[in-house]
Amino acid sequence: MAQFLPYINLAAAFFLIVSMAMMLGRLLGGPTLYDRLLAVNSFGTKTVLFLCVFCFVIDRPDGVDIALLYALMNFIATIAVLKFFNYRALGVPLIKDQTRNARRKGVSK
Amino acid sequence: MIDLILASSTEVKSAAIHIDWLSLITTVASVVSIFAGLFFVLAGTLGVLRLPDFYTRLHAAGMTDTLGAELILLGLILQSGFSQMSLKLLIVGFFLFITSPTATHAVAHAAYKAGLKPKLGKYKAPEIDGDVK
């Protein structure tokens with residue numbers, strides 16, 4: 001009864017690819033930095049979904065591990081890029097008083 | 001549609017009128033969940049492309065991507081049954097459920113602190129208290 005399920009998964013993978021290609025439009029032509037960052041984050045989420053669906057299509061369960069790794073790396077990359085463009089450095093401690101001083105120093109330079 | 005599936009499954013089993021109800025319900029729930037998730041993901045992408053403002057785009061992407069991802073992963077969990085694979089998919093769904101709203105919140109807060117103004121019309125944006133501009 002369930003022999004049509006791989007075709008459903010293949011259609012899901014195809015539409016996820018279409019969605020990723022549409023998200024590239026916002027990534028390349030976004031007016032601000034934050035639009036691009038939002039597009040990168042959403043693209044990463046769709047990549048995780050595509051990996052999960054596609055490893056069901058080709059019937060190899062290894063892809064879910066890669067998807068798990070990619071979900072974690074996507075989050076850390078988004079936070080790191082946000083921190084870098086806020087403070088212009090990555091070695092800033094995120095305790096409130098110290099960050100405020102660091103930010104003032106960055107502004108005064 | 002369901003009548004058609006039932007008719008084909010009973011034809012395959014020919015004499016026996018035994019229908020695997022659990023498998024049928026699981027398959028139908030999985031397909032419905034995957035297509036609902038695809039609808040939400042595509043709607044979110046269309047919103048990111050079409051909406052006029054950064055914050056409205058953020059709304060479209062953040063809300064619909066979380067729900068769409070959870071629905072697609074739920075459909076895959078229903079397909080894989082009770083196994084190691086479904087546990088891994090559950091962990092992926094848990095991390096997406098935690099990290100996706102957090103990343104959306106971080107992007108929105110960083111953009112608002114950096115002075116990106118939303119399109120508001122006649123309304124006025126609230127001040128962030130305790131913030132040194």
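Heads up: the structure comes first, above all this text.
First things first, this report covers the structure right here in the doc. (Residues numbered from 1 in each chain as written. Chains lettered and ligands numbered in written order. Predicted model: local features only at pLDDT ≥ 70, side-chain atom pairs only at ≥ 80, totals over all residues. Heavy atoms only, no water.)

Brief notes about a nonpolar patch on the surface
All names here are of chain A.
Alright, step 1. Taken together, the side chains of Leu33, Val81, Phe84, Phe85 and Leu90 present a nonpolar region at the surface, about 380 Å² in accessible area.
Alright, step 2. Here the element with the most residues in the nonpolar patch is helix H3 (residues 63-87); it accounts for three residues.
Alright, step 3. One can find Leu33 in helix H2 (residues 33-57).
Alright, step 4. The exposure class assigned to Leu33 is partly exposed, which follows from its relative accessible area of 31%. (Patch = residues over 30% accessible without salt bridge, like charges linked within 9 Å, V, L, I, M, F, W, Y side chains within 5 Å. Areas by Shrake-Rupley, 256 points an atom, 1.4 Å probe, with all protein chains shown as cover. Salt bridge = Lys/Arg side-chain N within 4 Å of Asp/Glu carboxyl O. Helix = DSSP H or I, 4+ residues; strand = E, 2+ residues; numbered from the N terminus. Buried < 20%, exposed > 50% of the residue type's maximum accessible area, 1.4 Å probe, protein only.)

Thoughts on the nonpolar core
Alright, step 1. Leu16(A) and Leu89(B) are the most contacted members of the largest nonpolar core, which totals 25 residues.
Alright, step 2. The element best represented in this core is H2(A), accounting for seven residues.
Alright, step 3. Beyond its immediate stretch of four places on either side in the chain, Leu16(A) contacts Leu49(A), Phe50(A), Val53(A), Leu38(B), Val41(B) and Ile72(B). (Core = buried A, V, L, I, M, F, W, Y, C linked by side-chain atoms within 4.5 Å. Contact = heavy atoms within 4.5 Å.)

Re helix H1 (residues 5-29) of chain A
Alright, step 1. For H1(A), which comprises 25 residues, the first-to-last C-alpha distance of 37 Å matches the rise-based estimate of 36 Å (1.5 Å per residue) to within 8%.
Alright, step 2. Residues Leu5(A), Ile8(A), Asn9(A), Ala12(A), Ala13(A), Leu16(A), Ser19(A), Met20(A), Met23(A) and Arg26(A) constitute the buried set of H1(A).
Alright, step 3. Against the buried residues of H1(A) lie H2 of chain A together with helix H2 (21-50) and helix H3 (54-80) of chain B. (Expected span 1.5 Å × (residues − 1).)

Quick word on the environment of Met63(B)
Alright, step 1. In this fold, Met63(B) is placed in helix H3.
Alright, step 2. Sequence separation between Met63(B) and Phe40(B) is 23 residues, and the spatial gap between their C-alpha atoms is 9.1 Å.

Thoughts on the interface of chain B and chain A
Alright, step 1. The interface of chain B with chain A comprises 50 residues on the first partner and 42 residues on the second.
Alright, step 2. Interface area for chain B against chain A, summed over the two sides, is near 4200 Å², with a carbon-plus-sulfur share of 78%.
Alright, step 3. At the boundary of chain B with chain A, the tally comes to three salt bridges.
Alright, step 4. Between Lys88(B) and Asp65(A) there is a salt bridge whose closest N-O contact spans 3.2 Å.
Alright, step 5. At the boundary of chain B and chain A, one finds eight residue pairs in polar contact (both at pLDDT 80 or more).
Alright, step 6. When contributions to the side of chain B that touches chain A are tallied by element, the ones reaching two or more residues are helix H1 (2-12), H2, H3 and helix H4 (84-113) of chain B.
Alright, step 7. It is H4(B) that provides the largest number of residues to the side of chain B that touches chain A, a total of 16 residues. (Buried area = accessible area lost by both parts, 1.4 Å probe. Polar contact = N/O pair within 3.5 Å; in protein donor to acceptor, adjacent residues only side chain to side chain.)

Details of unusual backbone geometry
Residue and element names in this part refer to chain A.
Alright, step 1. In this model, Asp59 sits at a positive phi of 60 degrees, which is unusual for a non-glycine residue.
Alright, step 2. Among the structural elements, Asp59 can be located in the loop between H2 and H3.
Alright, step 3. For Asp59, a relative accessible area of 66% gives the class exposed.

Remarks on the pattern of salt bridges
Alright, step 1. This model, assessed by the stated rule, comprises four salt bridges over all chains.
Alright, step 2. Residue Arg57(B) pairs with Asp35(A) through a salt bridge whose shortest N-O separation is 2.7 Å. Here Asp35(A) lies in helix H2 and Arg57(B) lies in helix H3, a pairing that spans two chains. Note on accessibility: Arg57(B) and Asp35(A) belong to one class, buried.
Alright, step 3. Taking the shortest distance from any N to any O, the salt bridge between Lys46(A) and Asp65(B) comes out at 3.1 Å.

Describing the packing of aromatic side chains
Alright, step 1. Taken as a whole, this structure holds eight aromatic pairs over all chains when the rule is applied.
Alright, step 2. Relative to Phe15(A), the ring of Phe14(A) has its centre 5.6 Å away and its plane inclined at 65 degrees; by these criteria the two rings are edge-to-face.
Alright, step 3. Judged by its relative accessible area of 51%, Phe14(A) is exposed.
Alright, step 4. Between the aromatic rings of Tyr34(A) and Phe54(B), the centroid separation amounts to 6.2 Å while the plane-to-plane angle is 55 degrees, which identifies the pairing as tilted. Of the two residues, Tyr34(A) sits in helix H2 while Phe54(B) sits in helix H3, which places them in two different chains.
Alright, step 5. Note on Tyr34(A): relative accessible area 12%, which makes it buried. (Phe/Tyr/Trp six-rings, centres within 6.5 Å; stacked < 30°, edge-to-face > 60°.)

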